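# Coordinate analysis (summary)
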Amino acid sequence: MKIYGSYTSPFVRHCRIALLQADIECEFIETDATQSAEISPTKKVPLLVDGDITLTDSSSILRYLREKSGVAYMDDIVDFDLFNMTNTVMDACVNVFFLEKMDEITIEQSSYLTRQNERVLSGLIALNESPIEAQLPLSDGLIRLACFLDWGVYRDRIDLKKLTTLTRLLDIARTDKHFIKTVPPFNG
Ligand SMILES: N[C@@H](CCC(=O)N[C@@H](CS)C(=O)NCC(=O)O)C(=O)O
């Protein structure tokens, strides 16, 4: 089994955590933007290849890994919605980040980016108000959210000062051995 990804991506990090939890052997192939454009039709990472199977999204990769290890895959609808809402907010946040970093387009210059940014802000408030019971081991919805928060804080994309529930979740996630083991070497 091979997984293509970057050590900084929060989507990839969730898959790396699931691999560690399930103790599944998998080769990690570090992949930059040029390479991901060549190997994946979505031009994104993660991408997982296992024999005949190629999976192009972290959600299907997670399901594959969870099922392989006989663990339920988000059978709680509230947790599943938390996972999906986090994905929506994270996608918006990653888009704003890449547009600023790669194309130097700022939020002020684009009405669509303004909307994306507002989505991040209102999404974070809603996530903070959701019924989160953060204790280890974290559910997939909460792992996804913690991966996003850690990335967003490091990249200075989000401010958790007033978001106490999210701050507490991140504090707890940071005590988890797999979360610790997958800390990105944020240097780029
Ligand atoms: N829906 C995808 C999103 C993955 C994603 O956005 N990955 C980012 C890295 S954090 C990426 O590869 N971006 C490259 C690009 O947008 O060109 C998933 O869950 O796997």
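Use the structure listed above.
Residues numbered from 1 in each chain as written. Predicted model: local features only at pLDDT ≥ 70, side-chain atom pairs only at ≥ 80, totals over all residues. Heavy atoms only, no water.

## Quick word on the overall build of the protein
Heads up, the condition is: Helix and strand assignments come from DSSP, with helices taken as H or I runs of at least 4 residues and strands as E runs of at least 2, each series counted from the N terminus. The reference for a compact globule is 2.2 Å times residues^0.38; the radius of gyration itself is calculated from the C-alpha atoms. The buried label goes to any residue with under 20% of its type's maximum accessible area, the exposed label to any with over 50%, and the partly exposed label to all in between, with areas taken from a 1.4 Å probe on protein chains only. For the charge count, each Lys or Arg is scored as positive and each Asp or Glu as negative, with His and the chain ends excluded. Taken as the charge centre is NZ of Lys, CZ of Arg, CG of Asp or CD of Glu, depending on the residue.
Within the protein, the regular secondary structure consists of 8 helices and 4 strands. Overall, the protein shows an N-to-C arrangement of helices and strands of β-α-β-α-β-β-α-α-α-α-α-α. What you see for the protein is a C-alpha radius of gyration of 16 Å, in line with the 16 Å of a compact globule of 188 residues. A total of 188 residues make up the protein; the buried ones form 46% of that total. Averaging the locations of the 20 positively and 28 negatively charged side chains of the protein gives two centres separated by 2 Å.

## Quick word on empty space enclosed by the protein
Rules: Any residue with an atom within 4 Å of a point lines the site, the site being either a cavity, points on a 1 Å grid over the protein atoms alone where a 1.4 Å probe fits but cannot get out, or a pocket, an open set with protein on both sides within 12 Å along at least 5 of 7 lines. Grid points are joined across faces, edges and corners, and a volume is the space filled by probe spheres set on the points. The classification used treats Ala, Val, Leu, Ile, Met, Phe, Trp, Tyr, Cys and Pro as nonpolar, Asp, Glu, Lys and Arg as charged, and all other residues, Gly among them, as polar.
Overall, the coordinates contain 1 cavity of 30 Å³ or more when judged by the stated rule. Computed from the structure, the largest cavity encloses a volume of approximately 60 Å³. Class assignment for the residues of the lining of the largest cavity results in 5 nonpolar, 1 polar and 1 charged.

## So, the nonpolar core
Keep this limit in mind: Throughout, nonpolar core names a set of buried Ala, Val, Leu, Ile, Met, Phe, Trp, Tyr and Cys residues whose side chains join them through atoms within 4.5 Å. A contact between two residues is defined here by any heavy atoms of the two lying within 4.5 Å.
L124, L145, F148, L149, I158 and L166 are the most contacted members of the largest nonpolar core, which totals 32 residues. For this core, the elements supplying multiple residues, two or more each, are α1 (10-22), α4 (77-103), α5 (111-129), α6 (140-154) and α7 (164-173). With near-sequence residues (within four places) excluded, F148 lies in contact with P10, T86, V89, M90, C93, L124 and I158. Listed in part, the 14 residues of the second largest apolar core include I3, L62, Y73 and M74.

## Topic: the environment of F83
Of note, F83 is situated in helix α4. Placed 19 residues apart in sequence, F83 and Y64 show a C-alpha to C-alpha distance of 16 Å.

## A few points about the environment of H14
Selection rule: Whenever two N or O atoms come within 3.5 Å, that pair is a polar contact, provided that in protein one can donate a hydrogen and the other can accept it, and provided that, for residues adjacent in sequence, both atoms are side-chain atoms.
Considering the arrangement of structural elements, one finds H14 in helix α1. For the pair H14 and L145, spaced 131 residues apart in sequence, the C-alpha separation works out to 9.5 Å. Setting aside residues up to four positions removed in sequence, H14 forms contacts with L62, R66, F83, D140, I143, R144 and C147. Engagement of the side chain of H14 in a polar contact is seen with the side chain of D140, the distance being 2.8 Å.

## Focus on the pattern of salt bridges
The condition that has to hold: Salt bridges are defined by distance alone: a side-chain nitrogen of Lys or Arg within 4 Å of a carboxyl oxygen of Asp or Glu.
According to the stated counting rule, one finds 7 salt bridges in the structure shown. The partner of R174 in a salt bridge is D150, and the shortest N-O contact between them spans 2.7 Å. Residue R174 is located in the loop between α7 and α8 (177-181), and its partner D150 is located in helix α6; the two are separated by 24 residues in the primary sequence. Linked through salt bridges whose partners overlap, the residues forming this network are R13, D150 and R174.

## A word on the site of the ligand
Note the threshold: Nearness is defined per residue: one heavy atom within 4 Å of the molecule or strand is enough. For accessible areas, the Shrake-Rupley method is used with a probe of radius 1.4 Å. Any residue's cover is judged against the shown protein chains and nothing else. By definition, a pocket or cavity contains a molecule when more than half of the molecule's atoms lie within 2 Å of the pocket's grid points.
Around the ligand, the neighbouring residues are S9, P10, F11, K43, K44, V45, P46, D57, S58 and F98. Here K44 contributes a side-chain N or O atom positioned 3.4 Å from an oxygen atom of the ligand. Considering the ligand on its own, with 510 Å² of exposed area, one finds that the protein chains cover 78% of that surface. For the ligand, the cavity whose grid points lie within 2 Å of the majority of its atoms is the largest pocket. Across the shell around the ligand, the residue classes break down as 5 nonpolar, 2 polar and 3 charged.

## Looking at helix α3 (residues 58-68)
Within the sequence span of α3, burial applies to S58, S59, I61, L62, Y64, L65 and R66. Along its buried surface, α3 packs onto β1 (2-5), α1, β3 (47-50), β4 (53-55), α4 and α6. Where α3 begins, the side chain of D57 points an oxygen toward the backbone nitrogen of S59, at a separation of 2.9 Å. Once α3 ends, the next one or two residues include G70, with phi positive near 70 degrees.

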